[in-house]
Amino acid sequence: PSTTLFRSGAVQRLGRLATAWIAPTEVRELRELSRYRSSLIRDRARTLNRLQKVLEAANIKLASVVSDIDGVSARQMLEGLVAGHKDAEELAKLAKGRLKEKHAQLVEALSGRLQAHQSFLIAEHLALMDHLEGAIERLSQQFQLLAENAAGVVVETDDEPRREIARALSGD
């Protein structure tokens, strides 16, 4: 009867069901680290978007002047806002590099009405982004370490699929 074909052992013996390939432990560990790192990167992007939303609610249009709201100059200006500095002229002086040329635009962009709760939210978003950046960096280092170890272990085998994985991991 056809119901006996659904027994995996019988189906495999008949050659109708290919055996499942299970990735080596090293590859599964790398996949897990990579997926988690990707989720943290998405979390960081969401946090940056939330920060931008708080700034827009406070009528601070920093993103219209700076190319990277998370850059060095913008970060110093945001930290100045959180510290209670309200003078847009003084905050604009924190600009670095080519952004100094946009002083007048920065003064206008930083002339918002930041409330105490918004200042608190900005500080929380900045702290969360710092935490996420640290976690992403630690995951990247761990991934690199495991990838190097996995490549060394996998190359020493006679198993062709594992050698292919080693070549992929080492970039050859």
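Above this text is the structure in question.
Please read these numbers as outputs of a predicted model, since none were measured by experiment.

### Some words on the overall build of the protein
Working step 1: When helices and strands are counted, the protein shows 7 helices and 0 strands.
Working step 2: The linear arrangement of helices and strands in the protein, starting from the amino end, is α-α-α-α-α-α-α.
Working step 3: Split into buried and exposed, the 172 residues of the protein put 32% on the buried side.
Working step 4: A sequence separation of at least 24 residues applies to 60% of the contacts in the protein between residues at least 6 apart.
Working step 5: Surface summary for the protein: the accessible area is close to 11,200 Å², and the carbon and sulfur share equals 52%.

### Describing the environment of Q76
Working step 1: Assignment of secondary structure puts Q76 in helix α3 (residues 72–82).
Working step 2: Q76 sits 20 residues away from K96 along the chain, and the two C-alpha atoms are 9.7 Å apart.
Working step 3: Sequence-distant contacts of Q76, that is, excluding residues within four places in its chain, are made with L94 and K96.

### Observations regarding the environment of K100
Working step 1: Mapping K100 onto the fold places it in the loop between α4 (88–92) and α5 (103–109).
Working step 2: Look at K100 and you get exposed, because its relative accessible area is 54%.
Working step 3: For the pair K100 and S73, spaced 27 residues apart in the sequence, the C-alpha separation amounts to 9.5 Å.

### Brief notes about the pattern of salt bridges
Working step 1: Evaluated as defined, the whole model comprises 6 salt bridges.
Working step 2: With a shortest N-O distance of 2.2 Å, D43 and R46 are connected by a salt bridge. Taken together, the residues D43 and R46, both in helix α2 (residues 25–57) and 3 residues apart, mark about one turn of the helix.
Working step 3: Classification of D43 by relative accessible area gives partly exposed; the value is 26%.
Working step 4: With a closest N to O distance of 2.5 Å, E133 and R44 form a salt bridge. Of this pair, E133 sits in helix α6 (residues 116–155) while R44 is found in helix α2, placing the two residues 89 residues apart along the sequence.
Working step 5: A relative accessible area of 31% places E133 in the partly exposed class.
Working step 6: For R44, a relative accessible area of 16% puts it in the buried group.
Working step 7: One connected set of salt bridges, linked through shared partners, spans R44, D70 and E133.

Conventions we followed
Positions within a chain are numbered from 1, following the residues in the order the chain's sequence is written. In view of the model being predicted, local features appear only for residues whose pLDDT reaches at least 70, and side-chain atom pairs are presented and counted only at 80 or more, with totals across whole chains, interfaces and linings using the full set of residues. Only heavy atoms go into the side-chain values, all of them from the structure, while hydrogens and water stay out. Runs of H or I in DSSP of at least four residues are treated as helices and runs of E of at least two as strands, each being numbered from the N terminus. Partly exposed residues are those whose accessible area sits between 20% and 50% of the maximum for their type, while under 20% is buried and over 50% is exposed, using a 1.4 Å probe and protein chains only. In what follows, a contact means two residues having at least one pair of non-hydrogen atoms within 4.5 Å. For accessible areas, the Shrake-Rupley method is used with a probe of radius 1.4 Å. Any residue's cover is judged against the shown protein chains and nothing else. A pairing counts as a salt bridge when a side-chain nitrogen of Lys or Arg comes within 4 Å of a carboxyl oxygen of Asp or Glu.

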